[in-house]
Every structure is written in C-alpha cells, then in structure tokens.
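Chain and residue survey
Here is how the chains run, residue by residue.
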Amino acid sequence: MNHTSKILAISSFPTIGDVGLKNMIPILGSEIIPVPTLILNGLGNMQDVQRYKVDFESILFGSFKMAVQENYRLIVYVGYLDCADQIPIITRALKVYKESIISVLIDPVCGDHGKIYVSQDIIDQMPNLLEFADWTIPNLTELEQLTGIPFSKGIEKAMYVMAERWNRINIIVTGIVEGDIVSNYLLLNGELFITEHTYQNGEQSGTGDLFAALFLYLHFLKNTSPLEAVNQSGEIISEWMIMGKVEKLNLKRYL
C-alpha cells in the first residue's frame, strides 16, 4: 500500500499579514493540512487587531481522522497557540494517531528579541508538548525560556541542556545575528553545526514560520539532509529579507 506524506501544520491564521499558516501555505501548497489555532484579522502589532476563536479540537481531530482515511503519513508541525488549553488537546491527538505520524516538529512560539508575547501558562506547559517532539526550532528568547540559561552564557550550552532534557530531540536555533551575518545552529544527534548567511538589516515578521515551512519541505518532502535543509532555508530567508514578501521569492531556484 502506498503512503503519501503530508504536513499537518497547527498554527495561527491571519487574514492580513504574512505570518503563521499564511507564510506556510505558499511553500507547502497541496502538501499542507492547515489546522488553525485561531484566526486573526491582522498581526499582533497592528492597531485594532482582533482574535477569533475556532473549534480547535474538532478541526484537529477531524483533520487527523480524514488524513488517516486518505492513508497519509504525517509530519506534524506545531507553531503559535491561542491558549494553554490547546496543548493537552494536541498531545492527546499525537497519542491517538501516533501510528500515522512520521515525525513531530515543535516551534515553541512564545517571544522574540527578549520579549514574551504569549501567556505564561503556555510557556509553563510547553515542556509537555516537547515530550513528543523529534525536532524543535526555538529562537534565542524561546531557548532561554525553555532552559533557563541566558544566551549570553552560551547558545551551545543551552542547546545541549535542552537535548539532555528531551533526549530524542534535534534542535535548530534560528536567527542569531552578529553584525552583517545571521547564523542558524543545528544540534543533530548530539553534533553541532552552524550555517551563516548575509543579514539584511531590519526585522521582518514571519521569518520563523517561513523557515519552518522551508525546512519541512526540504527535509521531509524532498529528502534533503537536515544540514543542507537548514542551510538552504537560511539562504532563502536572507533573500526574503530583501524582497519582504513570500510571493516575490524565486522559490523555483531553491525548491
């Protein structure tokens, strides 16, 4: 019996703005099964942004059920959550449908640039979700929150502490800027790798979601090695920082 691999992606969906599932769909196309944790009418830093609740549990379990009926093998991605109550729902689904899941990648979205933008109970419960993860892609702020180790005391140290606590996990720490270079750190089966790319000045919302989508596509759907997938994803992000929009990228050049 043939199996088709799909990315079941759990994250937010803004109607205006390029973050969350909006940034993932152009990359993953028909290979994505999007499961919104909430719908927003814009980005969090926009004036008058509003959050709209969804029937998350029904959508998640309904999507899993349909995927199993279609004989899909699933790579599960978890990104931005609406509330901590969604974490036990996700972990229950991961247990129920574990036979159909190839791998689990958790983006522990909670903050950036030293600022936290989710409730503390999401951060407190994130370790329960990481117990199911094969991969995680925190930024520096999220790495610090999960390990309690300030990145000023060593990124590698924090990564090894994280890998020891969740001993199945491979870690990618993204967006480490020094001058005109941005680096991504990969801890794969206990071995550390670093990729470097040209840094384009200025912050750009959604780079984490774009990186996740690219890595998922390249590694899991195109069978690119983890290190090369991290490297190519970093190169595309560097180009995107110039273009500013996913649809302007020359993605065929990479994908």
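Quick note: structure is the one above.
Our subject in this report is the structure included herewith. Just so it is clear, the model here is predicted, and its values are computed rather than measured.

Attention now goes to the overall build of the protein. Broken down by element type, the protein carries eight helices and 11 strands. Expected size for 255 residues packed as a compact globule is a radius of gyration near 18 Å; at 17 Å, the protein falls within 12% of this value. Projected onto its principal axes, the C-alpha positions of the protein cover 50 × 40 × 40 Å. Per-residue burial for the protein yields a buried fraction of 53% across its 255 residues. Counted over contacts in the protein with a minimum sequence separation of 6, partners at least 24 positions apart contribute 66%. Approximately 12,000 Å² of the protein is accessible, and the part contributed by carbon and sulfur atoms is 48%. Charge separation in the protein, taken as the distance between the mean sites of 19 positive and 29 negative side-chain charges, equals 6 Å.

The next subject is the environment of Val104. Summarising the element assignment, Val104 is placed in strand β5 (residues 101-106). By relative accessible area, which is 5% here, Val104 ends up buried. Between the alpha carbons of Val104 and Ile16 there is a distance of 28 Å; along the sequence they are 88 residues apart. In this structure, Val104 is in contact with Val76, Leu94, Phe132, Ala133, Asp134 and Trp135, ignoring residues within four places of it in sequence.

Turning next to the packing of helix α5 (residues 140-147) against helix α6 (residues 155-165). Put simply, α5 and α6 touch, their axes get as near as 10 Å, and they point 50 degrees apart. When the axes of α5 and α6 are compared, the pair comes out oblique. Both α5 and α6 take part in a crossing whose hand is left-handed. Two secondary-structure elements touch here, α5 through Leu140, Leu143, Leu146 and Thr147 and α6 through Ile155, Ala158, Met159, Val161, Met162 and Arg165. Tallied by class, the residues present in the contact of α5 with α6 amount to eight nonpolar, one polar and one charged.

It is worth spelling out the pattern of salt bridges at this point. Within the structure shown, the criterion is met by five salt bridges. The salt bridge partner of Asp82 is Arg51, with a shortest N-O separation of 2.7 Å. Here the residue Asp82 occupies a position in the loop between β4 (72-78) and α3 (86-96), and Arg51 occupies one in strand β3 (residues 51-52), the gap between them amounting to 31 residues. Using a relative accessible area of 43% as the deciding quantity, one classes Arg51 as partly exposed. As a salt-bridge pair, Glu57 and Arg92 come within 2.4 Å of each other at their nearest N and O atoms. With a gap of 35 residues between them, Glu57 in helix α2 (residues 56-69) and Arg92 in helix α3 connect regions that are remote in the sequence. Taking relative accessible area as the criterion, Glu57 reaches 34% and is therefore assigned partly exposed.

Parameters at a glance
Note that residues are indexed from 1 along each chain, following the sequence as it is written. With pLDDT at 70 or above as the cut-off, local features in this predicted model cover only qualifying residues; side-chain atom pairs require 80 or more to be listed or tallied, and sums for whole chains, interfaces and linings still use all residues. With hydrogens and water excluded, all non-hydrogen atoms of the structure serve as input to the side-chain values. Runs of E in the DSSP output that reach at least two residues are strands. Runs of H or I that reach at least four are helices, and both are numbered from the N terminus. Put simply, the radius of gyration uses C-alpha atoms, and a globule should come to 2.2 Å times the residue count raised to 0.38. Only protein chains enter the accessibility calculation, which uses a 1.4 Å probe; a residue is then buried when its area is under 20% of its type maximum, exposed when over 50%, and partly exposed in between. Two residues qualify as a contact provided that any one of their heavy atoms is within 4.5 Å of a heavy atom in the partner residue. Computed with a 1.4 Å probe, the accessible areas rest on the Shrake-Rupley method; for each residue, only the protein chains presented here act as cover. Neither His nor the chain termini are counted; the positive set is Lys and Arg, and the negative set is Asp and Glu. Here the site of a charge means atom NZ of a Lys, CZ of an Arg, CG of an Asp or CD of a Glu. Here an axis means a line fitted to C-alpha atoms, over the contact stretch when the element is a helix, while the angle between two N-to-C directions is reported on a 0 to 180 degree scale. These descriptions rest on fixed angle ranges, namely under 35 degrees for roughly parallel, over 145 for roughly antiparallel, 65 to 115 for roughly perpendicular, and the rest for oblique. Crossings are assigned a handedness: left-handed for a near helix turned anticlockwise from the far helix by less than a right angle, right-handed for a clockwise turn. Residue polarity is assigned by list, with Asp, Glu, Lys and Arg as charged and Ala, Val, Leu, Ile, Met, Phe, Trp, Tyr, Cys and Pro as nonpolar; anything else, Gly included, falls into the polar class. Think of a salt bridge as a Lys or Arg side-chain nitrogen and an Asp or Glu carboxyl oxygen that are within 4 Å of each other.

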